[in-house]
Amino acid sequence: MKKALSLIFMFFIFIFSGIVMATLMYSFYLGTLNFVAGQSTPSYNFETITNAFFYIIPLIIILVPSVLSYYRIRHVGKLPQIITYIIICFFCWSLLLPISLKLQKFYFSKHNIEHQANNLTGNYFRQSGDKVFYFTKDFVQDPITQSGPTTVIINTTENGTMDVKTQTAFKNFVLYQEAYPYNDILIKQNFEKDELKFFINYQTILKNAYTSLSKGFTFYLGFLSFAFALTALFALTKISNWKLLNSVFLIFFTLIIFIINTQYFNPIFDSVKNYINSNGLFIFLEKYIDNPLLCLINIIFGFGILLYGFVDKLVKKHTGR
């Protein structure tokens, strides 16, 4: 019973500390988006922190099963702990997550996270394609002449030239477009590399949760297949006497579940999904749940983990390991 109570305590610790840390980290990210080379520090304000707070709450709730499973690796309990874990997960996914999604939707309907095009600073070289731009002063449009600063434009091709002209500071200016969602292309080039591929997208999972919740109970139940897969990871906490190996398994399968629920919506899989979803069973299920194929994958994955954990326990019981 003591291990069950400690799991509840750990749940509240994670919710509180997770929200605080994730809010600070996402606030830093939002500040970086609006940062411009030459400024002393990124600008933060109460609205930035509040935007980050409401944006990350669903993520923290979604991560509860994985974190509690990881905690159990070093604090293994018996049946009361398992029942407590199931109750906590049910509480999070059936109550806390819908409430957080509705709060988030209500907040952002009044306070959108908007891209703020701050003025680019002068005396920096910024490259876009074959052209390098150099502003002699801050890139600010004069309210009277409607013109910007004197700009040196260098064409870096073999037969390129150098032009000096007054550049108009309009919103569709190429340095603004190519820097998006950042303000400054110099910042983007330092923080966002083209070769990095992100296989997990929180925004995709969040959108799926929003859509299913708005459509009704059965559709949200379909989304909860994702929750079932994550919750089943609890069965991996005792598969080895080596705790580090258990941790590796847990992290690996958590990433796999998130990757599946992100990459399922990748357009490159559309032809395969359309072929499978043309089956009569999936056509029928689409009346009650979104993405029935994804739901089936999550359910199979979850039951597979539970079955493996159950068989592993039986083998250890009969072999005395």
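Look a little higher up for the structure.
What comes next is a walk through the structure. (Residues numbered from 1 in each chain as written. Predicted model: local features only at pLDDT ≥ 70, side-chain atom pairs only at ≥ 80, totals over all residues. Heavy atoms only, no water.)

Side note on the overall build of the chain
Part 1 of the reasoning: The helix and strand tally for the chain stands at 12 helices and four strands.
Part 2 of the reasoning: Here the chain holds 321 residues, and 41% of them are scored as buried.
Part 3 of the reasoning: Here the chain displays about 18,900 Å² of accessible surface, and carbon together with sulfur accounts for 66% of that area. (Helix = DSSP H or I, 4+ residues; strand = E, 2+ residues; numbered from the N terminus. Buried < 20%, exposed > 50% of the residue type's maximum accessible area, 1.4 Å probe, protein only. Areas by Shrake-Rupley, 256 points an atom, 1.4 Å probe, with all protein chains shown as cover.)

Description of helix α9 (residues 243–263)
Part 1 of the reasoning: For α9, which comprises 21 residues, the first-to-last C-alpha distance of 30 Å matches the rise-based estimate of 30 Å (1.5 Å per residue) to within 8%.
Part 2 of the reasoning: What α9 keeps buried is the set Asn 246, Ser 247, Leu 250, Thr 254, Ile 257, Phe 258, Asn 261, Thr 262 and Gln 263. (Expected span 1.5 Å × (residues − 1).)

Quick look at a nonpolar patch on the surface
Part 1 of the reasoning: Taken together, the side chains of Tyr 70, Phe 199, Ile 200, Ile 251 and Leu 255 make up a nonpolar region of the molecular surface, amounting to roughly 470 Å² of accessible area.
Part 2 of the reasoning: Position of Ile 251 relative to the elements: it lies in helix α9. (Patch = residues over 30% accessible without salt bridge, like charges linked within 9 Å, V, L, I, M, F, W, Y side chains within 5 Å. Salt bridge = Lys/Arg side-chain N within 4 Å of Asp/Glu carboxyl O.)

A closer look at the pattern of salt bridges
Part 1 of the reasoning: Per the counting criterion, the structure on display carries two salt bridges.
Part 2 of the reasoning: In this structure, Asp 290 engages Lys 215 in a salt bridge whose closest nitrogen and oxygen atoms are separated by 2.9 Å. Within this pair, whereas Asp 290 is found in the loop between α11 (280–285) and α12 (292–319), its partner Lys 215 is found in helix α7 (residues 202–215), the two being separated by 75 residues in sequence.

The values reported here are purely geometric and, on their own, carry no functional implication.
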